[in-house]
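# Observations on chain architecture
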Amino acid sequence: MRWSGQEINEERGDALPGLARLNNLVRTVRTPDFQGVTFYEVLAKSALNKVPGRSAMPFGWTINPMRGCQHACAYCFARPTHGYLDLDAGRDFDSQLIVKVNVGELLAKELAKPTWTRQPVALGTNTDPYQRAEGRYRLMPSIITALASSGTPFSILTKGTLLRRDIPVLVEASAISTVDLAMSIAIFDDGIQQSVEPGTPTATARLQTVTAVRDAGLNCSVFLMPILPFITDTRAHLDEALRRISEAGATSVLYSSMYLKPGTKEWFMLWLEREHPELVAKYAEFYSRGAYAPAEYRAWLADRIAPLIRKHKLERGREDPVTGGPRSRALGVGSPPVAARPATETPQQESAEAAASIAAASPQPMLF
């Protein structure tokens, strides 16, 4: 049995009526290694998810080996997806995890179908495939192998340093398919990071993973997102973040301000009331008209960060407009493949075209 030898293994056949409508529940597991977390092992009906897109990219493909996430990021935009399973977007999202135990085997079958056209597939754009439970379930090696063996390009976006375990498998995959990797590191202040995303590895540990990936000869971008208005958007914080990203050898950096949609907004505001009550009214006004920060703020942020990206000789990366993950180089747009980073090499300088586009979109600085 999976997780044999644990002191507590509880199996229940009557759990999660919402989940039962979607999948075949194998069993429910609780273990001392993950206090307060319940795992619902399911046999998924499909591994590949079709994500609707627009214009030239009508759709994209993703894989979510798990639902829910132990990283417990207060700002996570995926929180509302737990509602489909009759679970809440708050503590249930952090502690009630659905694990697709057959995802690797199922994926291999789906990729072998004659109708599969080898479109790029993104992992980590909903919940993190390298959260701590992956150390137990080991779903990712079989997923990577299936994608590479079929010649399918894929990308991985993660906050998890467990990615380092699979670097040899990813190197092998990159020899036969296009592999794009990105590490999400939103916060470079340890106190804020442990408060707002308490289940994540430190920024230092994640940067060390970026360096390990680069030293293995693979590309690795950093997603500096979300930037929290009035909290992590200071010049000092952004400058230090970009300095450390550059020193880690990241191929490129992507950034955006925080996106707060219903389901996530309520949970984040509870955190804000607890940690920064002085900002509650300001955030309420900022996000009163929708999930995005005001356009004026986004332009102000671009104006602030553009010269810092140039200062640290970083290239601005491209986000996939459909999946939200790193833009696949298999689509012909994005950073070209690069060799392993020697210890003395500095990251690539941001392209003039990218810098100009940022500057053109940025009016004079505004006081936020």
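Residues numbered from 1 in each chain as written. Predicted model: local features only at pLDDT ≥ 70, side-chain atom pairs only at ≥ 80, totals over all residues. Heavy atoms only, no water.

## Points about the sheet that holds strand β5 (residues 66–67)
- Ordered in space as β1-β2-β6-β5, the 4 strands form an open sheet in which the pairing is mixed. Both outer strands of the open sheet, β1 (24–29) and β5, are each paired with one neighbouring strand and no more.
- Judged from the 5 bridges that link them, β1 and strand β2 (residues 38–43) form a sheet pairing that is antiparallel. Opposite R27, over in β2, you have E41 as the bridge partner. (Pairing = 2+ DSSP bridges. Helix = DSSP H or I, 4+ residues; strand = E, 2+ residues; numbered from the N terminus.)

## Considering the packing of helix α9 (residues 235–248) against helix α12 (residues 295–311)
- Contact geometry of α9 with α12 gives a least axis separation of 10 Å together with a crossing angle of 35°. Our pair here, α9 against α12, has a crossing hand that is right-handed. Here R235, L238, D239 and L242 of α9 come into contact with α12, specifically with L301, R304, I305, L308, I309 and K311.
- The residue makeup of the contact of α9 with α12, split by class, is 6 nonpolar, no polar and 4 charged. (Axes fitted to C-alpha atoms, helices over the stretch in contact; angles between N-to-C directions. Left-handed = near helix turned anticlockwise from the far one by under 90°. Contact = heavy atoms within 4.5 Å. Nonpolar A, V, L, I, M, F, W, Y, C, P; charged D, E, K, R; others polar.)

## Some thoughts on the pairing of strand β11 (residues 253–257)
- Most of β11 is tucked away, with 4 of its 5 residues classed as buried.
- Here strand β10 (residues 221–227) pairs with β11 via 4 bridges, running parallel. Within β11, the residue paired with I227 across the bridge is S257.
- Read as a crossover between parallel neighbours, the route from β10 over α9 to β11 is right-handed. (Buried < 20%, exposed > 50% of the residue type's maximum accessible area, 1.4 Å probe, protein only. Right-handed = clockwise from strand over helix to strand, strands pointing away.)

## Description of the environment of L224
- Of note, L224 is situated in strand β10.
- In this structure L224 comes out as buried when scored by relative accessible area, which is 1%.
- Considering only alpha carbons, one finds L224 and I245, 21 residues apart in sequence, at a separation of 9.2 Å.
- With sequence-adjacent residues up to four places away left out, L224 is seen in contact with I185, A186, F188, L238, A241, L242, V253, L254, Y255, S256 and I305.

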